[in-house]
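# Report on the structure
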Amino acid sequence: MNARSQDNLSVSEEETKEYAQRLLRDLEAVCVADEKSGVIFLRGDLGVGKTIFTKGLAEAMNVHDTVTSPTFVLQQEYEGESGYFKKLYHFDLYRLDEEQEIDYLDIASLLHPHVLIVIEWSEKSERLVAQLAQLSHVRIVQLEHVSPSERRITTL
Amino acid sequence: MNYPNDLLLAVDTSADDTCAAVVRGRRVLSNVRFSQIALHKGYGGIFPTVAKRAHLERIDGVIARAMRQAGCSFADLTYLAVTYGPGLAPSLIVGVNAIKELSAKYSLPIIPVNHMEGHIFSCFAENRNGLPRREIQFPFLAFLVSGGHTELVRVSDYAAYEILGKTVDDAAGEALDKGARLITGAGYPGGPLIEKLAREGDPNAFSFPIPMTKTGDLQFSYSGLKTALLYIVRSMTDEEREARTNDLAASFQHAIFKSLLWKLDKAIDQTGCKMIAVGGGVSANKLFRKQVRVLARSKGCRVYFPPKRSLEGDNAAMIGIAAAMKVEKRYLLQNSADLEHNSRATLQSLEYSSV
């Protein structure tokens, strides 16, 4: 594990959300400095809490809408009302299998200042991860099952 | 009933499928859905799979086919209808732009339709001969259950909706899909597979928590149930899991349906509605239909499901029918340039509903 990585054991949905909010503040600080967008790649199995994590981010941004799973529709967007990030895009690549399908979403075109993009199942396209990392500030967050009520969260 | 005799072309590109249809009032003259299968059959397999979600490449062909099957030309049309939301923004734009172009070219007014309105009115589709005849009695309850949505809506009139409850995380159909993945490793979509496996299984073999029964509201939640399934599956050896596949599927499906029925029961009591319209892909599930029918009967309610398989999932005929209802009420868009997509459109604050 490299020196930058942070490791944390979450024992509740609340703690997962708090972890998300700490990460958001940290990412915000970096993005404010050069007016770039932020991208968070969420990795982990079904049921590990990726949507809960995103709900935590949205709460910190003061999003009024309920964050729901983007699995079917592939992309959800929300307006934030506080902090640097004013817009949240929530992607889920779960249903996509081919790089070309992922290209069709044209995620890079959304990278404007004040935009936060969260992408679930980004493991499906390392090319996308590399592409977005060149254009924005990225964090890769790994969530793992430890027990039914515990999750290990690591920022790589 | 006197429905307008006007011919209407409708388009829906809100998600995966590229859809176009021609309707006359509630009568469906054509209903074309461009899926992967149609793609290979109709176009000689020349389309690369890269076009899977590229509505742009298919929209003109789908519209042309819908017009041909209905036996009409653009000169015969009176109105155009299109889904403006909710859905995937890049996909919605394709349908909206196609309809705007047609509107300009043939000077036809546009009726913007919310995708969920389409699912509500899919239950009232008729064939060319006007069958089945189903009377719409306001107010009624709409129960929309699919891979992307789980919503209970009180419909008090055309374009007058109140969302009573919806999911706070995963949709019911999505939970079924992901359950199939956890139980069998199957890819998307897995809902029909769960239904098939569940037929041979014991719904009480495993006990799952029935979500949201203590909240006192009409909201839904399925992410916790998904996690509960994950841990049951994880505690099993591969052999055990294979031996209990049917029981797992039956028990998981049972828990989802039980929570859906629990909320429907509450909504009927709360609203006093005597009619229920069920729409969305999960309405295809035979056990779910049966359970809804039993509940409706016990409450003295009439219940309607989409009359045809092709009307259950996403399609454009339902958009045309919802639009035809709006024609009656004169919900028309005067200036087609004003039409914009809205990926997060909701029934609660309906756009384009002023007379």
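Scope of this entry: the structure provided in the associated data block.

Take the pattern of salt bridges next. All told, the structure shown has 23 salt bridges over all chains when counted by the stated rule. With a closest N to O distance of 3.2 Å, Glu77 of chain A and Lys87 of chain A form a salt bridge. Within this pair, whereas Glu77 of chain A is found in strand E3 (residues 75-79), its partner Lys87 of chain A is found in strand E4 (residues 87-92), the two being separated by 10 residues in sequence. Of the charged contacts, one joins Arg244 of chain B and Asp247 of chain B as a salt bridge, the two residues approaching to 3.3 Å between their closest N and O atoms. Since its relative accessible area comes to 30%, Arg244 of chain B is described here as partly exposed. The structure contains a network of salt bridges with shared partners spanning Glu14, Lys17 and Glu59 of chain A.

All names here are of chain B. Two elements in contact, helix H7 (residues 223-234) and helix H9 (residues 245-271), have axes whose closest approach is 11 Å; the angle formed by their N-to-C orientations is 160°. For the element pair H7 / H9, the angle class is roughly antiparallel. The hand of the H7/H9 crossing is right-handed. Taken together, the residues of H9 that come into contact with H7 (itself represented by Leu225, Lys226, Leu229, Ile232 and Val233) are Leu248, Phe252, Ala255 and Ile256. Residue composition of the contact of H7 with H9, by class: eight nonpolar, no polar and one charged.

Contacts between the two partners involve 32 residues from chain B, matched on the other side by 31 residues from chain A. Roughly 2,800 Å² of surface becomes buried between chain B and chain A when both sides are summed, with 56% attributable to carbon and sulfur atoms. Applying the counting criterion to the chain B and chain A interface returns two salt bridges. The salt bridge involving Arg344 of chain B is made with Asp65 of chain A; its shortest N-O contact spans 3.0 Å. Across the chain B-chain A interface, the total number found is 12 residue pairs in polar contact (both at pLDDT 80 or more).

Time to look at helix H3 (residues 89-106) of chain B. Over its 18 residues, H3 of chain B extends 26 Å from the first C-alpha to the last, a length consistent with the 26 Å expected when each residue adds 1.5 Å. Among the residues of H3 of chain B, Ala89, Ser91, Leu92, Val94, Gly95, Val96, Ala98, Ile99, Leu102 and Ser103 of chain B are the ones counted as buried. Its buried side turned inward, H3 of chain B meets E3 and helix H3 (99-104) of chain A together with strand E1 (7-12), helix H2 (55-70), strand E4 (79-85) and strand E5 (110-114) of chain B. One or two steps after H3 of chain B, the chain reaches Ser107 of chain B, where phi turns positive at roughly 50°.

The rules behind the values
Residues numbered from 1 in each chain as written. Chains lettered and ligands numbered in written order. Predicted model: local features only at pLDDT ≥ 70, side-chain atom pairs only at ≥ 80, totals over all residues. Heavy atoms only, no water. Salt bridge = Lys/Arg side-chain N within 4 Å of Asp/Glu carboxyl O. Helix = DSSP H or I, 4+ residues; strand = E, 2+ residues; numbered from the N terminus. Buried < 20%, exposed > 50% of the residue type's maximum accessible area, 1.4 Å probe, protein only. Axes fitted to C-alpha atoms, helices over the stretch in contact; angles between N-to-C directions. Parallel < 35°, antiparallel > 145°, perpendicular 65-115°, else oblique. Left-handed = near helix turned anticlockwise from the far one by under 90°. Contact = heavy atoms within 4.5 Å. Nonpolar A, V, L, I, M, F, W, Y, C, P; charged D, E, K, R; others polar. Buried area = accessible area lost by both parts, 1.4 Å probe. Polar contact = N/O pair within 3.5 Å; in protein donor to acceptor, adjacent residues only side chain to side chain. Expected span 1.5 Å × (residues − 1).

These values are about where atoms sit, not about what they do.
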